[in-house]
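Examination of the molecular architecture
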Amino acid sequence: MRIILVAVLSSLSFSLLSQSLTEARTYFENYEYARAASAYDSYAQIKELPLEDYKRWVYSSYIIGDYKKGLPISDSVLRTKSPEPLFYYINGEINMGLKNYEQARSAYVKYQSLDDEYDVSVKIASCELIPTWEPQAYVTLENPLGINDSKANIVGQYEHDVLYVFKEVGVDSTGSNQQDDVDDAPLVLAQPFFLTSKTSEQRVTVNYDNKNIAISSMAFVPGSDEVIMSVTKPISNKEIDMAPHLYIGKYDQVNHVIDSLRLWEFSGYEDTSACAHPTINSSGTMLVFAKDGIFTSGSDLYYSNRSNGSWSEPKPISKLNTGFDEMYPKFSGDTLLFFSSDGYPGYGGLDIFSVPVNGNTFGAMSHPTEPVNSLSDDFNFVWVNADSAVFSSNRISGHGDDDIYFIGYKKKEVVIEKPDSSDFFAFVNNWKNVNIYFNFDKYDLSKDFAKVDQLVEFLGHYPNSKIIIEGHTDSRGTDEYNMKLGYNRSVTVKDELIKRGIHPSQIETVSKGETTPPNPCDKKCTEADHALNRVAIIILEAK
């Protein structure tokens, strides 16, 4: 009886092991690598795995970023007879993830001698350089769950004190109704949002005939209501529509609505290329975007100049482009461009780089070290203020496939002068509100923008002081339209003052529209009267 019972238990154990191994293989074939790795781990605790399953276990551990578990398995596979070159590459990646740079370099060199499917020359150079790089000093690094609740959470533009982001939204087959569960949705589309806090956001409304479009990036054209964005039509019956292309539209910054969407003249359709990630400098004179097509080596950066309202034919930024991928450009003001690349020595995937810009000349590159850059893809670096920034990354520690990270740096110490000095009272007593006038139905600045050097200097000395910019319009047009126009005028002035050195926290904007005209003239307004009401007024609040 005892012998029979032992035989039955042994048979049952063998059956369960066989089932476990079958499940692991099924998970692997269905790209469920986390489950596959877990199933292989459980099996290996009891019985030796076949070599091919060891290889699947290594690959699964590598894909999910479980490098500590994957390294001894990877080393074991490399000790077998004639392992495939891929496993030397994977061993290099795993050692990179564990910061074993000497071992990673050896694995990459061995792979390079056996195969050329992946160009590992940059990775070999990275292994030699990374140990010499000092990590950045920072205060905080966080990826709040509240705004990282989608699989893809991408940093967009920081404009007018608003951070725009792009997130995946599940919709039904009509494209009209949003579904909370993205995984079960028939269609998933990237859509623009703007943050109301670090933990919540509101969706930007896009009015377009085709409801099933994905929008993954956009850039505002300064001094206008135009916005350029990358649009994809994922369920089109035309293959070219499934790649991103550049569109231009009108953006209502008060109600956060995009309409009048149409193809930009250099959208990518003209040469069957994919175009995405537009960014525009703060003066509105240069657009940079990523382009991938028959004339590029991977994804390349291109630029276009704007003059008299027209954009020039885009040209490649040859100094920055490599035979790998350059993408995700982001302007910071007029003179600094961030972008991501895997064509230069870095920590792993796409690394963030920055380069000074002077006209159409791009200077020497800089490379932020850890924690901004990581073993994974890091991109879309955007300064929010002088001591904090945001960026996106698909590093293993994230909540989704791509997460938004906030990084805070140590604040520079500012010597605050007491407002009892003679200079303080002299400036305040002599201050007169500054009026910035606009043409009819416009909010772009004229060349004779008021001199504000003394104001910039004063606010720099007294950071508790601030200014209020009131945007006004004349009485022609609807109340709603004029409220938007007044807002745009105040924000245009604010952007210019920030460029001239005033900290964003010291500027408040408000629109008065036509409600409180500086020059009341009732219904008997002459053209000269109207002109006096088309104004943004800079008001000082000294403290």
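Residues numbered from 1 in each chain as written. Predicted model: local features only at pLDDT ≥ 70, side-chain atom pairs only at ≥ 80, totals over all residues. Heavy atoms only, no water.

1. Overview of the overall build of the chain
In terms of helices and strands, the chain carries eleven helices and 27 strands. The buried share of the chain, taken over its 543 residues, is 47%. Carbon together with sulfur atoms contributes 51% to the accessible area of the chain, which is approximately 27,200 Å² in total. Computed over 49 positive and 75 negative side-chain charges, the inter-centroid distance for the chain is 2 Å. (Helix = DSSP H or I, 4+ residues; strand = E, 2+ residues; numbered from the N terminus. Buried < 20%, exposed > 50% of the residue type's maximum accessible area, 1.4 Å probe, protein only. Areas by Shrake-Rupley, 256 points an atom, 1.4 Å probe, with all protein chains shown as cover. Lys, Arg positive; Asp, Glu negative; His and termini not counted. Charge placed at Lys NZ, Arg CZ, Asp CG, Glu CD.)

2. Side note on the side chain of N153
Position of N153 relative to the elements: it lies in strand β2 (residues 153–159). A distance of 2.7 Å separates a polar side-chain atom of N153 from the backbone oxygen of S150. At 2.9 Å, the side chain of N153 and the backbone oxygen of D402 are in polar contact. Apart from residues lying up to four places away in sequence, N153 is in contact with I147, N148, F166, K167, S392, D402, D403 and I404. (Polar contact = N/O pair within 3.5 Å; in protein donor to acceptor, adjacent residues only side chain to side chain. Contact = heavy atoms within 4.5 Å.)

3. Digging into the sheet that holds strand β25 (residues 466–472)
Spatially, β24-β27-β25-β26 is the arrangement adopted by the four strands of the open sheet, whose pairing is mixed. At either end of the open sheet lies a strand with only one pairing partner, and these are β24 (434–437) and β26 (507–513). On average, each strand axis in the sheet is inclined to that of its neighbour by 20°, with strand direction left out of account. Strand direction decides the pairing type here: β25 and β26, joined by six bridges, are parallel. Residue pairing across strands places I468 opposite E508, the latter belonging to β26. Packing of helix α9 (residues 453–461) onto the sheet brings it into contact with β25 and β27 (535–541), and relative to β27 it is tilted by some 35°. (Pairing = 2+ DSSP bridges. Axes fitted to C-alpha atoms, helices over the stretch in contact; angles between N-to-C directions.)

4. Considerations on unusual backbone geometry
If a residue is not glycine, its phi is most likely negative; likewise, a peptide bond is most likely trans. The omega torsion across E370 and P371 is 10°, close enough to zero to call that bond cis. The residue S260 is not glycine, and still its phi comes out positive at about 55°. Among the secondary structure elements, S260 is positioned in strand β11 (residues 257–263). According to the relative accessible area criterion, S260 is partly exposed, its value standing at 43%. The backbone of N380 sits at a positive phi, close to 55°, despite the residue not being glycine.

5. Description of the pattern of salt bridges
Applying the stated criterion to the full structure yields 22 salt bridges. Salt-bridge contacts for K69 lead to D41; the nearest nitrogen and oxygen are separated by 3.4 Å. In this pair, K69 sits in helix α4 (residues 67–78) while D41 sits in helix α2 (residues 33–44), placing the two residues 28 residues apart along the sequence. When the shortest N-O distance is used, the salt bridge between R105 and E128 registers 2.8 Å. Of the two residues, R105 is situated in helix α6 (residues 101–114) and E128 in helix α7 (residues 121–129); the sequence distance between them amounts to 23 residues. For R105, a relative accessible area of 34% puts it in the partly exposed group. You can call E128 partly exposed: its relative accessible area is 45%. (Salt bridge = Lys/Arg side-chain N within 4 Å of Asp/Glu carboxyl O.)

6. Some thoughts on the pairing of β27
β27 sits mainly inside the fold: five of its seven residues count as buried. Where β24 lies against β27, four bridges are found, and the strand directions are antiparallel. Bridge assignment links Y437 to a residue of β27, and that residue is V535. Relative to β27, β25 runs antiparallel, the two sharing six bridges. Bridging across to β27, G471 finds its partner in A536.

Such coordinate-based values are descriptive only and should not be taken to indicate function.
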